[in-house]
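Observations on chain architecture
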Amino acid sequence: KIMKVGSIGDIGCFSFYPTKNLGGFGDGGIITTNNKQLAKMLRLIRHGGQTKRFWHVYRGVNSRLDEIQAAILEVKLQHLDKHHSLREKIVGRYKKEFSDLPIVFQESFPNSRSAQHLCVIRVPNQKQLQKFLAGKGIVSDIYYPHPTHKQPYFTKFGKFKLPVTEMLCKELLAIPLSPLMPQKDQDLVIDSVRKFFKK
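The structure reproduced in this document is the subject of the present report. All of these numbers come straight from a predicted model, not from anything done at the bench. (Residues numbered from 1 in each chain as written. Predicted model: local features only at pLDDT ≥ 70, side-chain atom pairs only at ≥ 80, totals over all residues. Heavy atoms only, no water.)

Moving on to the layout of surface pockets. Approximately 1500 Å³ is the volume attributed to the largest pocket. Taken together, 44 residues make up the lining of the largest pocket; nearest its centre are V5, F14, N21, S114 and A115. Those elements that provide at least two residues to the lining of the largest pocket are strand 1 (12–15), strand 2 (29–32), helix 2 (67–77), helix 3 (80–97), strand 5 (104–105) and strand 6 (119–122). Broken down by element, the residue count for the lining of the largest pocket peaks at five residues, all from helix 3. Along the lines of polarity and charge, the residues of the lining of the largest pocket split into 24 nonpolar, 12 polar and eight charged. (1 Å grid on protein atoms, 1.4 Å probe; cavity = no way out; pocket = protein on both sides within 12 Å on 5 of 7 lines; lining within 4 Å. Points joined across faces, edges and corners; volume = space filled by probe spheres on them. Helix = DSSP H or I, 4+ residues; strand = E, 2+ residues; numbered from the N terminus. Nonpolar A, V, L, I, M, F, W, Y, C, P; charged D, E, K, R; others polar.)

In structure tokens, the structure reads:
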């Protein structure tokens, strides 16, 4: 049996950023736990560390999910499994249509199921493909263009050689994926990627 992330471990953390699989119309997130002590402390921290109104016992933050976001997410949650299946179907179609091209997809572990948040492909000519797709009106993105160890803040911790990380930053490209993506949009992505490699 495959268990959902957030149902194992002491704490699960989720983002409700609008582009996530379960996204709101603004920013937000949730923490899940089945530990009553942790749950109590987290509720205090998210509301300014107050044990009662205007009485601050802990150092906290203002991190409450507003009611409008919660209402939107409650409706969208009912469609999450269906949308996940639609994402899987589109990724499956991409894999089939690109099977003869020099494209590598992320592997899945046995007895696991990807959330398919993004459809990231590995290609030898990432930037050229991105530019070609843009010319066809197709938006793609690079996650992430700069490795963490080369970011200005982290260089102060020393110089590191991470050749695989640096290589992947130059080869990974996220192509369009949405559970509500029409067939004609999928066809456009597939035809455009195939045309690029035929060149």
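Side chains of M41, I45, W55, V57, Y58 and V61 sit close together on the surface and give an oily, nonpolar patch of about 530 Å² of accessible area. Tracing the backbone through its elements, the reader meets V61 in the loop between strand 4 (55–56) and helix 2. Overall, the relative accessible area of 46% leaves V61 in the partly exposed class. (Patch = residues over 30% accessible without salt bridge, like charges linked within 9 Å, V, L, I, M, F, W, Y side chains within 5 Å. Areas by Shrake-Rupley, 256 points an atom, 1.4 Å probe, with all protein chains shown as cover. Salt bridge = Lys/Arg side-chain N within 4 Å of Asp/Glu carboxyl O. Buried < 20%, exposed > 50% of the residue type's maximum accessible area, 1.4 Å probe, protein only.)

A few words now on the packing of helix 4 (residues 126–135) against helix 6 (residues 183–198). For the pair helix 4 and helix 6, the least separation of the axes is 10 Å and the interaxial angle reads 130 degrees. One finds that helix 4 runs oblique with respect to helix 6. You can see that helix 4 and helix 6 cross each other, and the crossing is right-handed. In this structure, helix 4 uses Q128, L129, F132 and L133 to contact helix 6, whose residues at the interface are S192, V193, K195, F196 and F197. (Axes fitted to C-alpha atoms, helices over the stretch in contact; angles between N-to-C directions. Parallel < 35°, antiparallel > 145°, perpendicular 65-115°, else oblique. Left-handed = near helix turned anticlockwise from the far one by under 90°. Contact = heavy atoms within 4.5 Å.)

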